[in-house]
Structure formats: C-alpha cells, structure tokens
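Below, each chain spelled out in residue letters.
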Amino acid sequence: MRGGGGREDEEVSRKLKSMEVDKLGDGGEESPRPAVKYYGWKAMPFIIGNETFEKLGTLGTSANLLVYLTQVFHMRSVDAATLLNGLNGTTSLAPIIGAFLSDAYLGRYLALAIASVASLIGMFFLTLTAGADSLHPPECGVGETCEKATSYQFAVLFIAFGFLVLGSAGIRPCSMPFGADQFDPNTESGKRGINSFFNWYYFTFTAAMMISATVIIYVQSNLSWPIGLGIPTGLMFLACVLFFMGTKLYVRVTPEGSPFTSVVQVLSAAFKKRSLKQPKDPKQDLFSPPHTSAIVTKLAHTDQFRCLDKAAIVASPEEVRSGGAAPADPWRLCSVQQVEEVKCLIRIAPVWSTGIIYYVAVVQQSTYVVLSALQSDRHLGRGSFEIPAASFTVFAMLAQTLWIPLYDRILLPRLRKITGKDEGFTLLQRQGIGIALSTVAMVVSAIVEDRRRAIAHSQPTLGKTMMGGDISAMSSLWMVPQLMILGLSEAFNLISQIEFYYKEIPEHMRSVAGALAFCNLALGNYLSGFLVTIVHRTTGSGRNWLAQDLNKGRLDLFYWTIAGIGVFNLIYFLICARWYRFKGTSN
C-alpha cells in the first residue's frame, strides 16, 4: 500500500495551511476554515484492522449460528432458519438508523466508537450462553428427546443479539465511508486512493472471514463452543483497541444536521406549489443561491422529475431574505441544490430495489446450504476429518478473495484500455453481472441438491444427523461450485453497490449510502424468511419441500423458485440501469 501523498498532495496541503475562507450565505461575512490534513493510507491499518478483527469476532460467528441454535439450543431447523433470517435482516436493517444518527448528530468516528464497544458486549453475552450451563439447555445425544431452552435462556441469548445489532448499526454504514474520508477527494492521488480502498477494504475483511469460517468455526463445532466463542470475543476487544489507537490520525467529517430534513422540505414545497407552471428557463427562474458548503459538491440541474423543480420557484419576492442568499421559509422555497439531491435519491431507488431480490439467493449459503452440508459426506478423502457444515461459506469467500486482486491488478488495467473508463466495467454493469451469476448459482444448487437426495435414496447412508436425517453418501464438495459462483457474484455486485451509492448520493448522506447495501441484505433476509414460511405452509400438507429431513423434502424446487425470481430481477435491473442517469456536477 502506498501513502496518500505525493507532490500534488503536498502542494495542496501547503495551500490549505494558509487557511481557506468560505463565504457565509446570509451574512456575507468571511469565516476561516481550518486546513484538513489527510493521512490517507497511513490511517488505514487502524481502520481496516478494526474492520478485520470485527469481522473475525462477529460475522464469522454468525455463519455458525444455525448450527449453534439447532445443536445447543435444540431448535427445529425451520424455526432456526426463520429466526436466523429475522436476526440477519434486523442486523442489516439497523445500519439505516445508525447512518441517520451518524450523518445528523454523531459523526462517523463517534458512531464507530460506540458500535465497536456494543459489539464487544454482545460477543461477551453470547459467549456466556455457551460457557454457563444455566444459560443453555442440557446436552442430548442422537435419537434422544432434547430439552428445549427456557424463556430465561432465550432472554440472555436475545440480549446478546441486541448488542450485536447495535454494533452493526454503527459499524456497517460508517466503517467504509469513514475510511474513504481519510483521502483527499480534491487530488488525483486521493481519488485513486478512494477507488483502491473500496476493493482492498473488501479484500481484507473477506480474507478475515475465511479465517473465521475455517479455524474459529472448527473450534466451535468440533472442540468447544465456549472457547470457539471466547476467541472471537477477544478479537473484538483487539478491534476496539486498534480503532482507538488511530484516533489522532483520523479526519472527522462534522455532521451537518439531518439530511432527511432537506428532503422533506423539498417534497413539502413542491406540493404547496403544485399549481404553478413549470419554469421556462430553469437557470434564470429557479432559486439557486451561491454554493457555500465545503463538503457537498454543487449539482447541475437536470430535467428529470421536473415537478420537484416547483419547490425552487420564487413565487414572490417575500420568499427570499434580503441579500438573496437564503429563503425566508425553507418549507416553502428550496434551492436547486436541494431539489437535485432529492432527485439523486429517487433515481437510485429502482436500482437499489433490485438488490433485495438478489440477496434472497445470497443468504441461502448461511441457511439451507448449511443444512444440506449436514446431510452429506463432509469427510476430506478417506481420513476422519470432517469439514464443519458452516465452514462451507469459506468457498464463497475464497472466490471473492481471489477475484478482487485479480480484477484490480490484472484485468482492470486492460479493461481501462479497452473501454476508456477508469473503472473498466461501469458500476451498473458489474451489478448486473453479479445478479446474473447469483441466478446461475441457484440453478447449480438445485441440480446438486437433486443429486444429493437421489444418492441418499439409492445408496447406503452414512448415519444420521442430530436432527434425525440420514446422511447422503454424496461428497459435500459438490456444493463448492455453487458457492464459488455466489462468491464471485458478491465480488461483482456488493462492492459495486456500495461504491455506486457512495458516489451517487450527496456527500453529507454517505453513511446512508453505506447502509443501503445492508438494507438490501436485511430485506433480502426478510424476503427469504417469508418465502421459507410460505413454502413450508403451502407444501406442508403434502411433500414438504423444506422438511426437517431434507431427504424427504424438495429443496431443489425451492432453489429453482429462487432462480426463476432471479431471472425476472435481472430483466428488471436491465430496464432500471438503462433508464438511470448518473449524477452530474456544476462547476
């Protein structure tokens, strides 16, 4: 990794040290703005290190929660999958609230500090549920009637989940934008640093997830749950320490108040002036005071959603304060800048919505892929070593880990020459490729699951799981291709989603941008849980597709259903992408 400086950065820094001056809109007075010193890559070990250890501590453990809930808390597989979908959905939805609080009041640094401590507390309580005998049901053997968890035991478990949700509310939306804040966006080296940061950030925490999905999950599943959960708790403690160690290097963007207030003001003003005629010359007829923000880029006027332009029409001289730089009533008159910011959000919404259905396929690797692995031969060769069922997610991570540096260092320079664009494939093209690959992964999953079940019916089985299902003689390694395709799909779609939101949403809403992808994941989890419930209830009277024993069900048909939905989602995405207009700036 190289530093974020260079001659150009030094020259900019030298000029900034002389103090920049901003014109204040209403008073016309000059106010000195202190120079901002960007440390670039020098701050990355603390930020990426915090993210890496946090992923080792929390998300790695979450990959094994299905096994923990079924084997330690003795839940039915359908109930555990539904609970896990709900938990993952809430964990991914919470960042929207965290992003709002960060952008409006806390700032990204304070939000990350609070969230890191909350995650540590959550991991501590989760470790207690495994380590204290009174906080989980007694053990039971194969074929025995297992005692269910008590309300008290579930209460402690949900307290742990609550703190983990609180942690995700701050870490997920703020970590990546906070890292990007450390680069100077006004220099070429800073811009290149931001572009590389997105890929390398994702690469490092994916590598950490691979370690978690192998070493930590093996300890949890094969050696000891208390030790297997205690190790991530210790790693989460290191994440907190590392984050606070870099405090003096961080650039902290000061929150400018709730960004949603401006959105509501535009909608309110446009509604109040709905009877006015559209302006003939937007440049002359719309309220566009001097742009004074040092953070937010001035946007150019666009002709989409022109009904919103009415919010910027000056209906009478009394609507503007003396000096012409501010409205007398911000709920009746808004600037062109405010209107264009709302248009940005509206344009993003259709593209964003395609991610909800996309994640229905992705979340299966933490639910029914794990259950399929439990009912297949997980031995490596002829040895006695068995791959933990939850560790199969490592193959998706492996595909991401291999692809990201390959794309960033080898393919991207060649694509730049071919396409003439810095990003090679556009952000929307990469998202579309990811959606297509997720559909292919579901098709492969359906074929492999059909084969696994057929072998279980036609050949001798290898015993029974703790839940009573026969273990198919098919090697679980046949599931690797579908997981590799899913991992490649995420490498295309997830990174480009976050970068797309980061670049297309106004700067003062960037924590919200970081939360949008996780909001998709949340709604995808909820939708997956809804599909599981509907399929279970609809087919339960006959041959239940999602039976407790997968050999008696038709999980392959469930996968085919998701693949069919994915095809329609891809078509919808192509329509949205063709319609989308990228954000333009005004010099």
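Residues numbered from 1 in each chain as written. Predicted model: local features only at pLDDT ≥ 70, side-chain atom pairs only at ≥ 80, totals over all residues. Heavy atoms only, no water.

As recorded in an unreviewed UniProt entry, the chain goes by Protein NRT1/ PTR FAMILY 2.9 and comes from Urochloa decumbens. What UniProt states about the chain under its Sequence similarities (unreviewed entry) heading is, verbatim, "Belongs to the major facilitator superfamily. Proton-dependent oligopeptide transporter (POT/PTR) (TC 2.A.17) family." Taken verbatim from the UniProt record of the chain, the Subcellular location (unreviewed entry) comment is "Membrane". (UniProt positions renumbered as here; feature names shortened; annotations may be inferred.)

Student: Looking at this structure, how should I read the overall build of the chain?
Tutor: A tally of helices and strands in the chain yields 17 helices and two strands. In the chain, which comprises 587 residues, the share counted as buried stands at 55%. Partitioning the intrachain contacts of the chain with sequence separation of at least 6 by distance along the chain shows that 80% fall at a separation of at least 24. (Helix = DSSP H or I, 4+ residues; strand = E, 2+ residues; numbered from the N terminus. Buried < 20%, exposed > 50% of the residue type's maximum accessible area, 1.4 Å probe, protein only. Contact = heavy atoms within 4.5 Å.)

Student: Just checking my understanding: could you explain the packing of aromatic side chains for this structure?
Tutor: Aromatic ring pairs are reported here in terms of the distance separating the ring centres and the angle at which the planes meet. Overall, the coordinates contain 24 aromatic pairs when judged by the stated rule. Aromatic ring contacts, followed pair by pair, group Tyr68, Phe73, Phe154, Phe158, Phe161 and Trp225 into a single cluster. Sitting above the plane of the Phe271 ring, Arg274 keeps its charged end 4.1 Å from the centroid. (Phe/Tyr/Trp six-rings, centres within 6.5 Å; stacked < 30°, edge-to-face > 60°. Lys NZ or Arg CZ within 6 Å of the ring centre and 35° of its normal.)

Student: Looking at this structure, I do not really get the confidence of the model for the chain. What am I missing?
Tutor: As a note on interpretation, predicted positions should not be read in detail where pLDDT is low. Here the chain averages 79 in pLDDT, and 86% of its residues register 70 or above. Throughout residues 1-33 the model reports pLDDT below 50, and contacts reaching past four residues in sequence, or to other chains, amount to 44 contacts. (pLDDT = per-residue confidence, 0-100.)

Student: Quick question: what am I supposed to make of helix α6 (residues 151-180) here?
Tutor: An α-helical segment advances 3.6 residues per turn. Residues three or four places apart therefore align on the same side. Between its first and last C-alpha atoms α6 spans 44 Å; for 30 residues at 1.5 Å apiece the expected length is 44 Å, and the two agree. Of all 30 residues in α6, 21 are buried; the element is thus mostly enclosed. (Expected span 1.5 Å × (residues − 1).)

Student: How do you make sense of unusual backbone geometry when you look at a structure like this?
Tutor: With the exception of glycine, most residues fall at negative phi, and the peptide bonds are largely trans. Of note in this structure, His74 is not a glycine but carries a positive phi near 55°. Turning to its location among the elements, His74 is positioned in the loop between α3 (65-71) and α4 (77-106). Residue His74 is classed as buried on the basis of its relative accessible area of 6%. Positive phi values are uncommon outside glycine, yet Phe305 reaches one of about 50°. You can see Phe305 is positioned in the loop between α10 (282-285) and α11 (336-362). Classification of Phe305 as partly exposed rests on a relative accessible area of 26%.

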